[in-house]
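A look at the structure
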Amino acid sequence: MNKFRFLTAGESHGKCLTAIIEGLPSGFEINPDFINEELKRRQMGYGRGARMQIECDTVEITSGVRFGKTLGSPVTLVIQNKDYENWQKIMSIYTEDLNSEKSFTKCRPGHADYAGSIKYNFKDLRNILERSSARKTAIEVAVGAVAKQILNQFGIKCYSEIIQIGQGRTEEEFHAEIDRAKEVGDTLGGKFKVVYENLPVGLGSYVHWDRMLDGKIAQAVMSVPAVKSVSIGNNHGYKMFGSEFHDEMFREDGKVVRKTNNAGGIEGGMTNGEPLVVTAVMKPIPTLRKPLKTVDLSSMEECEAHFERSDTCAVEACAVVTEARIAYVLLDEILMKFSGDNSDEILEKYRK
Ligand code: EPS
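Right, let's walk through the structure included here. Values in this document were obtained by computation on a predicted structure and should not be read as measured data. (Residues numbered from 1 in each chain as written. Predicted model: local features only at pLDDT ≥ 70, side-chain atom pairs only at ≥ 80, totals over all residues. Heavy atoms only, no water.)

Of regular secondary structure, the protein chain possesses 10 helices and 17 strands. The C-alpha radius of gyration computed for the protein chain amounts to 22 Å, which stays within 12% of the reference 20 Å derived for 352 residues, consistent with globular compactness. Along the longest, intermediate and shortest principal axes, the C-alpha atoms of the protein chain span 70 × 50 × 40 Å. Across the 352 residues in the protein chain, those meeting the buried criterion constitute 46%. Taking contacts inside the protein chain between residues at least 6 apart in sequence as the whole, the part at least 24 apart equals 71%. Counting every atom, the protein chain has about 18400 Å² of accessible surface; 51% of that belongs to carbon and sulfur. (Helix = DSSP H or I, 4+ residues; strand = E, 2+ residues; numbered from the N terminus. Rg over C-alpha atoms; globule rule 2.2 N^0.38 Å. Buried < 20%, exposed > 50% of the residue type's maximum accessible area, 1.4 Å probe, protein only. Contact = heavy atoms within 4.5 Å. Areas by Shrake-Rupley, 256 points an atom, 1.4 Å probe, with all protein chains shown as cover.)

Okay, structure coming up:
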């Protein structure tokens, strides 16, 4: 049984971000141009900060692909951090380079700084910021782009849409909200949806809690940095009668069809053949130019939080990261259901 697995490594201002993907069968087409387009999408969006002007994220595939196709061996992806040039001494691995140039002790409320410093016993919160930063989502999107390309070979496609940013509900209003936040040194979150289409019926299962696809998707999306809620389908069901909410079934050309999709493509923890619709909410980014009140963990005095260059709003990027997270879950399910060692045998099972 195949299992799509990967690990990522890398600090925000370290040399590079790396991922090793394991469990990919041989023969699937992988084009680095597609990965780079996805990386570009993650870097864009209204409200992104100065770091995105420094980076031009591009992937290097250093193993597992030959002549455009997977070999069945681990696939390694690398993205260089261009900004590392300016951080070499600060991020040095050698004791003799120890310096406090970018150290800080004034925790940012809403970030990993406080709990991270206690958990890992660090005085310098830089040690927490570096890995807790959303920078690591660049390599996650690269892994997602590998998964998406394979899903495409099964005819599965995805898109995402921003629903709300702050109080704004249209693109014009999104921009106005972001401008307003930027002007006063504040940040904004928002709400977005991700849709996957053309999924086969029966991915996931109802037989155990940890095989339910909605549960797996919720875990994958809830752990996207700053995401605070995830829902599948119409999340206003609590206000509706069952007769209004559930998607009735009809027969058309000998097939079962639906006229609504309040279930968002999942019933009983399994895909039901309708589009998978996932909605998520991102909280505002916790690094603010207008600092929040906090405590300096070295003096234990009240103070203003540390500020470092940040985005005003990264909801568009967050949607791209969420697309990637869902791609991992779906590809893993596909590879379990239509298991095989090479693309031909897997696609043949799939088409049957
Ligand atoms: C990010 C890179 C980071 C931040 C941002 C997201 O780079 P830097 O810290 O050098 O500006 O811009 O991350 C956060 C603000 C955060 O709180 O995690 C990226 O590549 O997306």
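Here we come to the environment of C158. Position of C158 among the secondary structure elements: in strand 8 (residues 157-165). Along the sequence, C158 and A226 sit 68 residues apart, while their C-alpha atoms lie 22 Å from each other. Setting aside anything within four residues of it in sequence, one finds C158 in contact with K148, V195, Y196 and E323.

Let's shift gears to the sheet that holds strand 9 (residues 190-197). The antiparallel open sheet is built from four strands, whose spatial order is 8-9-15-10. At either end of the open sheet lies a strand with only one pairing partner, and these are strand 8 and strand 10 (227-232). Across the sheet, the axes of successive neighbouring strands diverge by a mean angle of 20°, strand direction being ignored. Sheet topology note: the strand 8/strand 9 ladder contains eight bridges and is antiparallel. Among the inter-strand pairings, I162 is bridged to a residue of strand 9, identified as F192. Together, strand 8, strand 9, strand 10 and strand 15 (276-282) form the strand contacts of helix 9 (residues 315-337), whose direction differs from that of strand 9 by roughly 35°. (Pairing = 2+ DSSP bridges. Axes fitted to C-alpha atoms, helices over the stretch in contact; angles between N-to-C directions.)

The next subject is a negative patch on the surface. On the surface, a cluster of negative charge is contributed by E171, E172, E173 and E316. Of all the elements, helix 6 (residues 171-183) adds the most residues to the negative patch, at three residues. Considering the arrangement of structural elements, one finds E172 in helix 6. Judged by its relative accessible area of 70%, E172 falls in the exposed class. (Patch = residues over 30% accessible without salt bridge, like charges linked within 9 Å, V, L, I, M, F, W, Y side chains within 5 Å. Salt bridge = Lys/Arg side-chain N within 4 Å of Asp/Glu carboxyl O. Lys, Arg positive; Asp, Glu negative; His and termini not counted. Charge placed at Lys NZ, Arg CZ, Asp CG, Glu CD.)

Once that is clear, we can look at the side chain of E55. Assignment of secondary structure puts E55 in the loop between helix 2 (51-54) and strand 4 (59-63). Every residue in contact with E55, bar those within four places of it in the chain, is listed here: Q43, Q80, N81, K82, D83 and R135.

Our next topic: the packing of helix 1 (residues 32-43) against helix 9. Packed helices, taken two at a time, are described by the angle between their axes plus the distance between the axes. Where helix 1 contacts helix 9, the axes come no closer than 7 Å and their chain directions differ by 145°. On the side of helix 1, the interface is formed by E38, R41 and R42, while helix 9 contributes A317, V320, V321 and E323. Broken down by class, the residue content of the contact of helix 1 with helix 9 amounts to three nonpolar, no polar and four charged. (Nonpolar A, V, L, I, M, F, W, Y, C, P; charged D, E, K, R; others polar.)

Near the ligand you find 14 residues, and of these H13, R42, R51, H111 and R309 are the closest. Here an oxygen atom of the ligand and a side-chain polar atom of R48 are 3.3 Å apart. At 2.8 Å, a backbone N or O of A134 approaches an oxygen atom of the ligand. Here the ligand has 470 Å² of accessible area as a free molecule, and 94% of this is covered by the chains. Across the shell around the ligand, the residue classes break down as two nonpolar, six polar and six charged. (Near = heavy atom within 4 Å. Polar contact = N/O pair within 3.5 Å; in protein donor to acceptor, adjacent residues only side chain to side chain.)

Another aspect to go through is unusual backbone geometry. Positive phi outside glycine occurs at F67, with the angle close to 50°. Within the secondary structure layout, F67 lies in the loop between strand 5 (65-66) and strand 6 (69-71). Since its relative accessible area comes to 74%, F67 is described here as exposed. The phi torsion at A226 lies on the positive side, around 75°, for a residue other than glycine. Tracing the sequence through the fold places A226 in the loop between helix 7 (213-222) and strand 10.

Turning to the nonpolar core, a few remarks are in order. Core analysis: the biggest nonpolar cluster contains 69 residues, and L77 and Y196 have the highest contact counts within it. Per element, the largest residue contribution to this core is 15 residues, and it comes from helix 9. Those residues in contact with Y196 that sit more than four places away from it in its chain are K148, L151, I156, K157, C158, P275, L276, E323, I326, A327 and L330. Core analysis: the second largest hydrophobic core is formed by five residues, F104, L125, I128 and L129 among them. (Core = buried A, V, L, I, M, F, W, Y, C linked by side-chain atoms within 4.5 Å.)

For the rest of this paragraph, the subject is the pairing of strand 15. Of all seven residues in strand 15, six are buried, a share of seventy percent or more. Direction of pairing for strand 9 relative to strand 15: antiparallel, over a ladder of seven bridges. Looking across to strand 15, one finds that G190 is bridged to M282. The pairing of strand 10 with strand 15 spans five bridges and is antiparallel. Each residue of the ladder has a partner; that of S229, found in strand 15, is V281.

Just distances and angles here, no functional claims.
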